[in-house]
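Listed below are the residues making up each chain.
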Amino acid sequence: MADAVIEAGYVSQKLQQDFHIEGQRFLFTQPRKNMKKLITAFQYHLYNTRMLIELNFRNLKLFFGLVTSLPRSINGYLANYLYSLLAYALR
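For every chain, the first residue of its written sequence is number 1, and the numbers climb from 1 along that sequence. Two thresholds apply to this predicted model, a pLDDT of at least 70 for residue-level local features and 80 or more for giving and counting side-chain atom pairs, whereas whole-chain, interface and lining totals are computed over all residues. Side-chain numbers here rest on the full set of heavy atoms in the structure, without hydrogens or water.

(A) Expanded view of the environment of T68. Inspection of the secondary structure puts T68 in the loop between α2 (41-63) and α3 (74-89). A relative accessible area of 36% places T68 in the partly exposed class. Considering only alpha carbons, one finds T68 and L78, ten residues apart in sequence, at a separation of 9.8 Å. Pairs of residues are marked as contacts when any of their non-hydrogen atoms sit within 4.5 Å. Beyond its immediate sequence surroundings of up to four residues, T68 is in contact with K61, Y77 and Y81. For helices the rule is a DSSP run of H or I covering at least 4 residues; for strands it is a run of E covering at least 2, with both sets numbered from the N terminus onward. Using a 1.4 Å probe on the protein chains alone, a residue whose accessible area is under 20% of its type maximum counts as buried, one over 50% counts as exposed, and one in between counts as partly exposed.

Written out as structure tokens, the structure is:
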């Protein structure tokens, strides 16, 4: 996850260490004009499209019955996803 850092580290090291919890929490800050960008174009695209992906999954869960904890088998899990996607596509 270290390669997803957006800026070159203009945040104090102490603040990063206080905020960081291994595998759970990372500090992302808004880059300023004088900061060196360390993100690739593909990572930037993924970062910007994350909200759209999460909104689509939210809609599938709220309105089309996508439940990820209900199915008890692989086939039931895939069938639940398929039914939700079909309901979304045929609405």
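(B) View of the packing of aromatic side chains. What counts as a ring pair is set by centres within 6.5 Å for rings of Phe, Tyr and Trp (its six-membered ring), and what kind of pair is set by the plane angle: stacked under 30 degrees, edge-to-face over 60, tilted for all other angles. Tallied over the entire structure, the rule returns two aromatic pairs. Aromatic pair F64 and Y88: ring centres 5.6 Å apart, planes at 85°, arrangement edge-to-face. Here F64, found in the loop between α2 and α3, pairs with Y88, found in helix α3; they are 24 residues apart in sequence, far enough to count as distant. You can call Y88 partly exposed: its relative accessible area is 30%. Ring geometry for Y77 and Y81: centres 5.2 Å apart, planes at 45°, overall tilted. Taken together, the residues span about one helical turn, with Y77 and Y81 both in helix α3 at a distance of four residues. Classification of Y81 by relative accessible area gives partly exposed; the value is 24%.

(C) Seen up close, α2. Here, expected helix span is obtained from the residue count minus one, scaled by 1.5 Å. For α2, which comprises 23 residues, the first-to-last C-alpha distance of 33 Å matches the rise-based estimate of 33 Å (1.5 Å per residue) to within 8%. Along α2, the sharpest kink reaches roughly 40°, centred on T49. Looking only at α2, the buried set comprises Q43, T49 and L60. If you follow the buried residues of α2, they end up packed against α3. Residue G65 follows α2 closely and has a positive phi angle near 75°. Take the seven residues that end at a residue and the seven that start at it, fit an axis to each, and the angle between those axes is the bend at that residue.

(D) Representation of the packing of α2 against α3. Here the axes come from fitting lines to C-alpha atoms, over the contacting stretch only for helices, and the angles between their N-to-C directions go from 0 to 180 degrees. Where α2 meets α3, the closest approach of the two axes is 10 Å, and the angle between their N-to-C directions is 100°. What the angle tells us is that α2 and α3 run roughly perpendicular. Contacts from N56, F57 and L60 of α2 reach α3 at Y81, S84, L85 and Y88. When describing relative orientation, an angle under 35 degrees is termed roughly parallel and one over 145 degrees roughly antiparallel, while 65 to 115 degrees is termed roughly perpendicular and anything else oblique.

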